[in-house]
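What the coordinates show
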Amino acid sequence: MNDSNSTLPSPEQCSAPRIEHAGPLLVAGLREPLDEHAAEKIPQLWQQLVSCWDDIPQRVGPADYGLCIRLRGREYYYMAACAVWDFTGLPEKFSPFIIPSQTYAVFEHQGSVKNICNTIDFAFDKWLPQSSYQHQATQENALHFFERYGEQFNPQTGEGDIEIWLPLLDQSEADNK
């Protein structure tokens, strides 16, 4: 469940996700603990990452990724990242992470990235409890969800080609645990 106080979008603004099996995907980037200043810290983190793109020689693909990773309990960090083909020789200032191979619910975010919490809240608070899936992020240092900023994303307007990927545990798998 997401702890933000955002108003949930209407059903017209959020549609049912597509279910997709994907991964693994190697990403590298910069990370910060999430706290009450996340709304200011996350855009700054992206600005820092963009300013040092050229320091990541292993970078591949046009998409970028924002990861929310659960450390322990209610502690999380955010990572602004790009896909890489390898971690070898990655400069020390960058953190590596492997997005695991698994099933995901993929939600298309409509509108500005400034309102992305609305889609995240819809995924966790409306869709997930009514679905036949469970959230797959129970371990420490596990992926809570990630944002995918595709080729059509416009960083100047903050709009276009934004998806929220929620890792899932199929109900039949959950019943066996």
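Residues numbered from 1 in each chain as written. Predicted model: local features only at pLDDT ≥ 70, side-chain atom pairs only at ≥ 80, totals over all residues. Heavy atoms only, no water.

A word on the overall build of the protein chain. Check the secondary structure of the protein chain and you find 3 helices and 9 strands. Its helices and strands taken in sequence order, the protein chain reads β-β-α-β-β-β-β-α-β-β-β-α from the N to the C terminus. A buried classification covers 43% of the 177 residues belonging to the protein chain. For the protein chain, restricting intrachain contacts to residue pairs at least 6 apart in sequence, the fraction spanning at least 24 positions comes to 74%. (Helix = DSSP H or I, 4+ residues; strand = E, 2+ residues; numbered from the N terminus. Buried < 20%, exposed > 50% of the residue type's maximum accessible area, 1.4 Å probe, protein only. Contact = heavy atoms within 4.5 Å.)

With that settled, consider the confidence of the model for the protein chain. Residues at a pLDDT of 70 or more form 88% of the protein chain, whose mean pLDDT is 88. Looking over the protein chain, one finds the lowest element-wise mean pLDDT in helix α3 (residues 171-175), namely 56, and the highest in strand β2 (residues 25-33), namely 97. Counting interchain partners and residues more than four positions distant, the pLDDT-below-50 stretch residues 1-12 has 22 contacts. (pLDDT = per-residue confidence, 0-100.)

Okay, helix α2 (residues 116-130) next. With 15 residues, α2 extends 21 Å between its outermost C-alpha atoms, agreeing within 8% with the 21 Å of an ideal straight helix rising 1.5 Å per residue. Where α2 bends most, the angle comes to about 35 degrees, and this point is Ala123. Within α2 the residues assigned to the buried category are Ile116, Thr119, Ile120, Asp121, Phe122, Ala123, Phe124, Trp127 and Leu128. (Expected span 1.5 Å × (residues − 1). Bend = angle between axes of the 7 residues up to and from the residue.)

Another point: the nonpolar core. Most often, soluble globular proteins have nonpolar side chains that are buried together. Counting residues in each nonpolar core, the largest one holds 32 residues, and the members touching the most others are Leu49, Ile56, Phe107, Trp127 and Leu166. Taken together, the elements giving at least two residues each to this core come down to β2, α1 (38-51), β4 (75-84), β6 (102-109), α2, β8 (142-149) and β9 (162-170). A total of 7 residues in this core trace back to one element, the largest contributor, which is α2. The residues touching Phe107, leaving out its near neighbours within four places in the chain, are Ser15, Pro17, Thr119, Phe122, Ala123, Trp127, Ile162, Glu163, Ile164 and Leu166. (Core = buried A, V, L, I, M, F, W, Y, C linked by side-chain atoms within 4.5 Å.)

With that settled, consider the environment of Ser112. Of note, Ser112 is situated in the loop between β6 and α2. Judged by relative accessible area, Ser112 falls into the buried class, the value being 15%. For the pair formed by Ser112 and Gly158, sequence separation is 46 residues and the distance between their alpha carbons is 5.3 Å. Setting aside residues up to four positions removed in sequence, Ser112 forms contacts with Thr157, Gly158 and Glu159.

Right, let's get into the packing of aromatic side chains. Overall, the coordinates contain 10 aromatic pairs when judged by the stated rule. Measuring from centroid to centroid gives 5.6 Å for Tyr104 and Phe146, while their planes differ by 75 degrees, and the two rings are edge-to-face. Of the two residues, Tyr104 is situated in strand β6 and Phe146 in strand β8; the sequence distance between them amounts to 42 residues. Measuring from ring centre to ring centre gives 5.4 Å for Phe107 and Trp127, while their planes differ by 80 degrees; the resulting arrangement is edge-to-face. (Phe/Tyr/Trp six-rings, centres within 6.5 Å; stacked < 30°, edge-to-face > 60°.)

Here Trp127 shows up in helix α2. By relative accessible area, which is 15% here, Trp127 ends up buried. When the C-alpha atoms of Trp127 and Cys14 are compared, they prove to be 9.6 Å apart, with 113 residues separating the residues in sequence. Apart from residues no more than four positions distant in its own chain, Trp127 is found in contact with Pro17, Ile19, Ala105, Phe107, Phe122, Tyr133, Leu166 and Leu168.

The next point concerns unusual backbone geometry. The bulk of non-glycine residues show a negative phi, and the bulk of peptide bonds are trans. In the segment running from Gly23 into Pro24, the intervening peptide bond is cis, with an omega of 0 degrees. Position of Pro24 among the secondary structure elements: in the loop between β1 (18-22) and β2. Positive phi, close to 55 degrees, is recorded for Asp161, a residue that is not glycine. Along the polypeptide, Asp161 turns up in the loop between β8 and β9.

It is worth spelling out the pairing of β8 at this point. Counting buried positions along β8 gives 7 out of 8 residues, so the element sits mostly inside the fold. Pairing between strand β3 (residues 59-72) and β8: 7 bridges, direction antiparallel. Directly across from Leu67, in β8, lies its bridge partner Phe146. (Pairing = 2+ DSSP bridges.)

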